[in-house]
Amino acid sequence: MITFRMNGLEVKAEEGWTLLDTAKFYGLEIPTLCFHEGLTPHGGCRLCVVEIGEGLRSKLVSSCTYPAEEGLVVRTDSARVWASRRMMIELMLAMAPGSKVLQDMASQFNVTQVRFALRNTECVLCGLCTRICAEQMDASAIGFQQRGLKRKISTPFDARSETCRLCGACMYICPACQLRCQGPNAETAICNGCLTMEPTCLEHYDDLQCWMYDAGRCGTCVQEKKS
Amino acid sequence: MKQYRAHLLVCAGTGCVSCGSFKIKEALEQEILKRNLQDEVQVVATGCNGFCERGPIVMVQPDGIFYQLLKVEDVPHLVEEHLLKGRPVKKLMYVPPAEKQPVPKMKDIEFFKHQRLIVLRNRGRIDPEKIEEYIAFDGYEAMAKALTGMTPQEIIDEILFSGLRGRGGAGFPTGKKWAACAKEKATPKYLICNGDEGDPGAFMDRSVLEADPHAVLEGMVIGAKAIGASKGFIYIRHEYPLALKRMEIAIAQAQENGLLGQDILGSGFDFDLEIVQGAGAFVSGEESALIASVEGRIAMPRQRPPYPAQKGLWGKPTVINNVETWATVPNIIRRGADWFQGLGTETSKGTKIFALVGKIANTGLVEVPMGITLREIVYGIGGGIPDKRDFKAVQIGGPSGGCLPAKLLDLPVDYESLTAAGAMMGSGGMIVMDDKTCMVDVAKYFLNFLQDESCGKCVSCREGTQRMYEIVKAITEGKGKESDLAMLEELAKITKDASMCGLGQTAGNPVLTTLRYFRHEYEAHILDKRCPAGVCKNLIRYVVLAEKCTGCQSCKKACPNDCIKGTLKDIHLIDQSKCIKCGACKEACKFEAIEEQREEAIQII
């Protein structure tokens with residue numbers, strides 16, 4: 001057992017656990033995007049950053065890749081962590097404003113504006129698709145190409161891949177392929193509908209009976225909050 | 001052994017080679033044959049002397065005479081005068097800028113006088129392609145000592161005690177790294193030499209590899225003994241053909257002589273080396289990315305810990321050190337940690353090589369003791385700023401280093417001071433800038449480099465550098481907003497904070513240091529739409545000054561877009577609608593009659 005401190009609490013982790021695993025075990029919520037339980041952690045989206053160490057030597061690390069260490073001091077929700085997470089959401093939203101996952105996160109973290117020109121590349125290069133293709137589907141039909149500003153995901157030589165079985169796992173796992181719900185201002189960068197809207201179903205049923213996820217999540221039957 | 005009365009040491013570093021030093025060498029050899037001096041005089045091709053500004057360079061030993069800027073035509077005269085008549089040729093010697101008398105001897109030239117050569121001790125004096133010459137200058141003595149007379153722990157203790165810190169940039173104590181790897185149980189262990197030097201304007205590792213490949217080799221064998229490794233890799237950029245060639249020769253020679261391979265020097269210790277060619281990504285210099293690249297994967301950093309010393313190449317304990325670090329090791333073992341301890345400052349020991357480039361009189365490679373001030377490097381060794389211009393800033397530590405202003409010229413060069421000032425030691429690039437340099441433009445240049453070279457894994461680094469570039473570019477085009485500066489600061493800090501590897505964690509530095517020391521220049525661009533240095537093309541316009549123009553037509557001839565009108569001996573005019581602002585006219589004008597002016601200033605007039 002590895003013992004360390006997380007948000008002031010003494011926690012115990014098993015050998016091989018990451019900081020994210022430990023946080024989940026103790027019920028501490030850390031947002032993630034490029035992380036998936038069935039895949040190797042990537043550490044690219046930087047949403048799961050946490051602050052480790054104290055004083056001048058403290059730094060941010062991605063909790064999905066950082067192993068639990070004896071005696072470590074971890075803070076999962078410091079001001080520094082939040083500033084970074086919100087900037088990451090803003091940066092990713094500027095790339096893929098059509099992503100429902102990102103739009104929901106923006107509302108959850110109260111990101112209400114995107115200060116950058118929209119790129120609409122509809123891909124945030126999280127690498128979930130390349131990993132599910134390689135690790136779960138045993139195909140490695142797609143992968144990262146180039147670096148920096150030319151980075152993209154594609155098949156070798158951009159040609160139709162011989163190993164691709166059209167299984168669709170890449171689309172299934174993509175956080176940008178699920179399009180945003182049609183809130184009232186779909187053409188703007190940030191919907192934030194969830195912040196100002198409430199589900200209409202609540203008027204008809206006292207108990208929540210929406211058959212889509214949780215009430216209002218589908219975004220089809222929302223109305224503006226009556227203040 | 002054959003004795004010669006004189007040696008002609010022709011510099012064969014990349015700088016001099018590109019100026020034609022191989023042709024000089026050929027001409028010298030022919031001339032010597034012609035005069036039947038081949039039994040008295042030997043011509044040797046050596047590694048880089050460092051004074052690249054003055055290449056091609058030839059040293060004549062044992063007199064120590066330094067000849068510079070040689071041409072093939074000078075060779076017969078040189079051989080006749082110096083080697084036959086014994087009269088050194090004054091007109092081929094170095095003349096300091098402010099003086100008239102030439103300085104004949106290398107050791108008296110300002111550029112060389114203040115340097116302290118340890119890593120580069122063999123530069124310009126041995127032929128890097130001959131192992132015998134390296135051995136003649138105490139080469140492989142340290143290796144013999146380490147292999148036959150020291151235990152691994154003693155070697156590690158010696159390096160630890162010497163205070164040697166990694167020369168690749170971050171300055172991690174080398175001894176600690178070795179100790180961490182040595183205590184790992186897993187086998188086999190590996191060694192890697194990081195020769196993926198990618199900073200714009202830096203050529204330290206290249207020169208060490210070209211001038212003294214055996215020193216790197218020797219250092220690695222010592223390191224291998226210390227940690228118990230049996231195999232090593234030398235990672236050299238594909239873009240360094242000469243370094244690759246010399247390293248291949250060095251490895252082959254060492255193997256032939258029993259200094260690499262099975263049972264080295266009869267000590268029972270086995271170690272072999274292999275060269276791996278880099279494919280030219282800046283991020284490959286990051287150790288975990290470099291390991292990925294050696295393994296044949298895309299050069300993309302991963303989370304540390306586990307550190308390479310625990311799980312490195314193919315999951316085995318691996319020590320990665322920079323070229324310069326490896327080349328320092330034999331010196332420490334040979335001369336002792338006490339001696340090395342005595343050089344440098346409290347926390348930074350030894351010497352550091354810097355590539356001195358930019359707006360500086362003596363461009364070249366210098367090795368100086370740690371703790372020397374920037375002023376001594378720029379004005380003492382570098383000879384100051386040419387063309388009587390003023391010093392504005394020096395950019396240290398590569399693209400993710402920082403720009404330090406004139407008021408910090410007395411800053412001692414060591415790891416801590418540089419980091420506190422917002423720059424970093426980096427691998428040792430030093431770009432000097434004069435008052436005609438626009439700092440916003442400089443920040444834009446480095447951001448452009450970084451957005452290209454970021455591996456693209458972390459959102460913070462990939463998007464952060466791209467967005468910072470967008471903002472800074474808009475500022476240089478006169479489209480900046482007042483809120484941009486706060487935005488830039490926020491982005492730069494978060495890029496540094498949230499990124500995984502050293503590249504992202506320092507990618508905000510060019511913006512942060514220019515904002516810290518040159519904020520007024522950003523403000524001039526944003527508020528007054530003015531570029532104080534007259535660099536940003538959108539904010540200036542080229543105008544002919546009527547009172548100075550003689551109508552010589554040289555600007556008209558230089559203009560690539562035919563937008564200058566005017567007949568001979570008549571005042572010329574620039575057609576602003578066609579001008580592409582390349583500045584060729586200004587360079588061509590001998591009368592300083594073309595000036596860059598602020599866009600608005602002209603509109604008001």
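Residues numbered from 1 in each chain as written. Chains lettered and ligands numbered in written order. Predicted model: local features only at pLDDT ≥ 70, side-chain atom pairs only at ≥ 80, totals over all residues.

A. Structural context of the overall build of chain B. Within chain B, the secondary structure is distributed over 24 helices and 18 strands. For chain B, the C-alpha radius of gyration of 26 Å lies close to 25 Å, the compact-globule estimate for 605 residues. Considered along the principal axes of its C-alpha atoms, chain B spans approximately 85 × 65 × 40 Å. (Helix = DSSP H or I, 4+ residues; strand = E, 2+ residues; numbered from the N terminus. Rg over C-alpha atoms; globule rule 2.2 N^0.38 Å.)

B. How the structure looks around the packing of helix α10 (residues 213–227) of chain B against helix α11 (residues 241–256) of chain B. Residue and element names in this part refer to chain B. Running from N to C, α10 and α11 cross one another at 55°; their axes reach a closest spacing of 9 Å. As the angle between them shows, α10 and α11 are arranged oblique. Considering how the two elements wind past one another, α10 and α11 form a crossing that is right-handed. Contacts from Pro 213, His 214 and Leu 217 in α10 reach Arg 246, Met 247, Ala 250, Ile 251 and Ala 254 in α11. A breakdown of the residues in the contact of α10 with α11 according to their chemical character gives six nonpolar, one polar and one charged. (Axes fitted to C-alpha atoms, helices over the stretch in contact; angles between N-to-C directions. Parallel < 35°, antiparallel > 145°, perpendicular 65-115°, else oblique. Left-handed = near helix turned anticlockwise from the far one by under 90°. Contact = placed C-beta atoms within 7 Å. Nonpolar A, V, L, I, M, F, W, Y, C, P; charged D, E, K, R; others polar.)

C. Fine view of the interface of chain A and chain B. With 26 residues of chain A in contact, the opposing surface of chain B contributes 24 residues. Every element with two or more residues in the side of chain A that touches chain B is listed here: β4 (59–62) and α2 (79–95) of chain A. For the side of chain A that touches chain B, the element with the most residues is α2(A), which contributes seven residues. For the side of chain A that touches chain B, the residue count by class is 15 nonpolar, six polar and five charged.

D. The sheet that holds strand β14 (residues 429–434) of chain B, seen in detail. All names here are of chain B. With respect to topology, five strands assemble into an open sheet ordered β11-β10-β14-β12-β13, the strand pairing being mixed. Looking at the sheet topology across the chains shown, the edges are occupied by β11 (364–369) and β13 (402–405). Averaged over all neighbouring strand pairs, the angle between strand axes comes to 30°, with direction disregarded. Strand direction decides the pairing type here: strand β12 (residues 391–396) and β13, joined by four bridges, are antiparallel. Bridging across to β13, Ile 396 finds its partner in Gly 402. (Pairing = 2+ DSSP bridges.)

E. Layout of unusual backbone geometry. Omega for the bond connecting B:Thr187 with B:Pro188 falls within 30 degrees of zero, at -5°, which places this linkage in the cis form. Examined against the element boundaries, B:Pro188 turns out to sit in the loop between α8 (174–182) and β5 (190–195). Here the bond from B:Pro305 into B:Pro306 is cis, since omega is -5°, no more than 30 degrees from zero. For B:Pro306, the position within the fold is in the loop between α12 (287–294) and β9 (318–322). A positive phi angle, near 60°, is found at A:Asn110, a position not held by glycine. Summarising the element assignment, A:Asn110 is placed in the loop between α3 (100–108) and α4 (128–136). Not every positive phi belongs to a glycine, and A:Gln146 is a case in point at roughly 60°. Turning to its location among the elements, A:Gln146 is positioned in the loop between β6 (143–145) and β7 (152–154). Given 13 C-beta atoms within a 10 Å radius, A:Gln146 is considered partly exposed. (Buried ≥ 20, exposed ≤ 12 C-beta atoms within 10 Å, placed from the backbone.)

F. Layout of the nonpolar core. Within the largest apolar cluster, 232 residues are counted, with the highest numbers of intra-cluster contacts made by A:Met92, B:Val10, B:Val58, B:Ile192, B:Val216 and B:Val394. Not counting residues up to four positions away in its chain, the partners in contact with B:Val394 are B:Leu374, B:Val378, B:Leu404, B:Met430, B:Ile431, B:Val432 and B:Met433. B:Cys555, B:Cys559, B:Ala593 and B:Ile594 belong to the second-largest nonpolar core, a separate cluster that totals 10 residues. (Core = buried A, V, L, I, M, F, W, Y, C linked by C-beta atoms within 7 Å.)

G. Up close: the domain arrangement of chain B. Residues and elements named next belong to chain B. Segmenting chain B into domains produces domain 1 (6–109), domain 2 (131–341), domain 3 (351–434), domain 4 (439–527) and domain 5 (539–604). Averaged C-alpha coordinates put domain 2 and domain 3 at centres separated by 27 Å. Counting residues at the interface gives 15 residues for domain 2 and 16 residues for domain 3. Residues that form the side of domain 2 that touches domain 3 fall into these classes: four nonpolar, six polar and five charged. (Domains from an automatic or database assignment.)

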